Amino acid sequence: MSDSPSQAPANGGGLTWILGATVVAGGLGYLIQAAVPAFLTGEQYVVFSVFWSVVYLVVSGLAGVQQETTRASRSSDTGRGWPILRRFASIYAVGAALVIAASAFFWAPRVFGDHTVALVAALAAAAVGYTFVAVISGALYGVRDWRGVAGMTVTDAVLRAITVGVAVLLGLGVAVTGWAVALPFAAAAAILWIVTGRGIRNRVEVDATLRVLLRQSLQTVGASIATGVMISGLPFLLGIAPLGVDAALLASLILVITLTRAPLVIPLLALQSYLVVTLRDHPAQARRRVLTWGAGLLALTAVLAGLAVFVGPWVVGLLYGDRYELPSGAYAAIVGSAGLTGLLCITGPAVLSAQRHTAYLAGWATASVVTVAMLFVPIDGLTRVLVALVAGPIVGVVVHAVTIARRRPTATA
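Each value, and the rule that gives it
- Residues numbered from 1 in each chain as written.
- Predicted model: local features only at pLDDT ≥ 70, side-chain atom pairs only at ≥ 80, totals over all residues.
- Heavy atoms only, no water.
- Axes fitted to C-alpha atoms, helices over the stretch in contact; angles between N-to-C directions.
- Helix = DSSP H or I, 4+ residues; strand = E, 2+ residues; numbered from the N terminus.
- Parallel < 35°, antiparallel > 145°, perpendicular 65-115°, else oblique.
- Left-handed = near helix turned anticlockwise from the far one by under 90°.
- Contact = heavy atoms within 4.5 Å.
- Expected span 1.5 Å × (residues − 1).
- Polar contact = N/O pair within 3.5 Å; in protein donor to acceptor, adjacent residues only side chain to side chain.
- Core = buried A, V, L, I, M, F, W, Y, C linked by side-chain atoms within 4.5 Å.
- Buried < 20%, exposed > 50% of the residue type's maximum accessible area, 1.4 Å probe, protein only.
- 1 Å grid on protein atoms, 1.4 Å probe; cavity = no way out; pocket = protein on both sides within 12 Å on 5 of 7 lines; lining within 4 Å.
- Points joined across faces, edges and corners; volume = space filled by probe spheres on them.
- Nonpolar A, V, L, I, M, F, W, Y, C, P; charged D, E, K, R; others polar.
- pLDDT = per-residue confidence, 0-100.

A.B. asks: Can you walk me through the packing of helix H7 (residues 210-230) against helix H13 (residues 357-374) in this structure?
C.D. replies: Relative orientation and spacing of two packed helices are given, respectively, by the angle between their axes and the distance between those axes. Closest axis-to-axis distance for the H7/H13 pair is 8 Å, and the angle between their directions is 25°. Classified by the angle between their axes, H7 and H13 sit roughly parallel to one another. Seen along the crossing, H7 lies across H13 with a hand that is left-handed. Across from Gln-216, Gln-219, Thr-220, Gly-222, Ala-223, Ser-224, Ala-226, Thr-227, Val-229 and Met-230 in H7, the residues of H13 making contact are His-357, Thr-358, Tyr-360, Leu-361, Trp-364, Ala-365, Ala-367, Ser-368, Thr-371 and Val-372.

So this is what it looks like as structure tokens:
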């Protein structure tokens, strides 16, 4: 890995590195979520899935730190930006841990039960570790060190696959498995800093003061929290919403949502910072690229939704027998909602790359509010969930699309 900005791979090479790392990381994460239910009872799986959901809800929120770091970071011969980013990371790490500890009393006992203390502590540790993952990754994106970005992604996923695999195979219980999910964030950040730290210190420059970064990041973090509510936080929401469904149907919903949405949504989430950099540096092409990518995604979604009607129930039955069952039409709706959420993951970076922080937040926040609100509409529980999954992202895309339509093709801010 070179310290010279001029030697950074071009965008095409960067996409290859990031997509390759995303495939590896996504595959390992998918394997964990698919394998763990086979080793747990339904009740244990609900606790584990809700913990995983809350962890990645926190991670999704803190991903806003990465988005703002990416937007603000550039490669420079002076390389004077890291002290600002280090303080930025430290403030968010401490703040995230304190918010988790202060709020846990109000929600954790209900979802974690007897494992509350251990799992809340693990959640706080995950938040601190991921904050440094986010800032280091954002700096790597900003200086276009694609190999460093890929290394962070793969290292985190491999470590988690190992730790969770050991915990589950040895039957160490939900609490230990929770720590196995949380600790790889800090370990990955430490390993990548050892490898890439010198390059970041020597190369990264930021276009804002610490105060400006903190102010603008409140909007990107707010948008990312909304993202997490709609994606990673869904099992958590389903666990606390008054759906009026039995435990078997709830477990089936959580499993199918987790397994069928991941192939469309997770790769696009992993590409958020890459898309921000690409659209930021080529503003004249931004609108055309968003339209092209969005149309391709929707076409792929339509094909996958049709296949899910037939393939989804068969695959779940093959893997888990009759433990997790849903109507076949629900598979199509869930996959369709994944494609619409993925579309938000394309329109969002387009808005943020133009420094439209408020519109970026508005799109994701509106989508999140609609999703949550629909979970409380007094209709059949299953129908309520499916409508919520589809309605939220549609509204969010409309908000972003209005902003993109008003953007001048040659704008740079």
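Moving on, there is more to tell.
A.B. asks: Please explain helix H14 (residues 381-406) as it appears in this structure.
C.D. replies: Helical periodicity: at 3.6 residues per turn, an α-helix aligns residues three or four positions apart in one direction. Here H14 spans 39 Å end to end across 26 residues, near enough to the 38 Å set by a 1.5 Å rise per residue. In this structure Asp-380 caps H14, since a side-chain oxygen of it lies 3.3 Å from the backbone nitrogen of Leu-382.

A.B. asks: Can you walk me through the nonpolar core in this structure?
C.D. replies: Among soluble globular proteins, nonpolar side chains are generally buried collectively. If you look at the biggest cluster of nonpolar residues, it comprises 132 residues, and the most contacted ones within it are Val-55, Leu-85, Phe-112 and Leu-238. Ranked by the residues each element gives to this core, the list is headed by helix H2 (residues 42-72), at 16 residues. Excluding residues that lie within four positions of it along the chain, Val-55 makes contacts with Leu-123, Ala-126, Val-181 and Phe-185.

A.B. asks: Just checking my understanding: could you explain the environment of Gly-363 for this structure?
C.D. replies: Looking at where Gly-363 falls in the secondary structure, it is placed in helix H13. As a C-alpha pair, Gly-363 and Ala-38 span 325 residues in sequence and 37 Å in three-dimensional space.

A.B. asks: Teacher, can you tell me more about the layout of surface pockets here?
C.D. replies: Here the idea is plain: a probe the size of a water molecule rolls over the atoms and shows the empty space left. Here the second largest pocket defines a volume of roughly 490 Å³. Leu-57, Val-58, Val-99, Ile-100 and Ile-225 are, among the 19 residues lining the second largest pocket, the residues nearest its centre. When the residues that make up the lining of the second largest pocket are grouped by side-chain class, the tally is 15 nonpolar, four polar and no charged.

A.B. asks: Help me out: how do you make sense of the confidence of the model for the chain in this one?
C.D. replies: Caution applies to low-pLDDT parts of the model: their predicted coordinates are not meant to be read in detail. On average, residues of the chain carry a pLDDT of 84, and 94% of them reach 70 or more. In the predicted structure, residues 1-12 sits below a pLDDT of 50 and forms 27 contacts with residues beyond four places in sequence or in another chain.

A.B. asks: How do you make sense of unusual backbone geometry when you look at a structure like this?
C.D. replies: Peptide bonds are trans in most cases, and residues, glycine excluded, mostly fall at negative phi. Positive phi, close to 60°, is recorded for Arg-144, a residue that is not glycine. A positive phi angle, near 60°, is found at Gln-355, a position not held by glycine. Relative to the helices and strands, Gln-355 resides in the loop between helix H12 (328-353) and H13.

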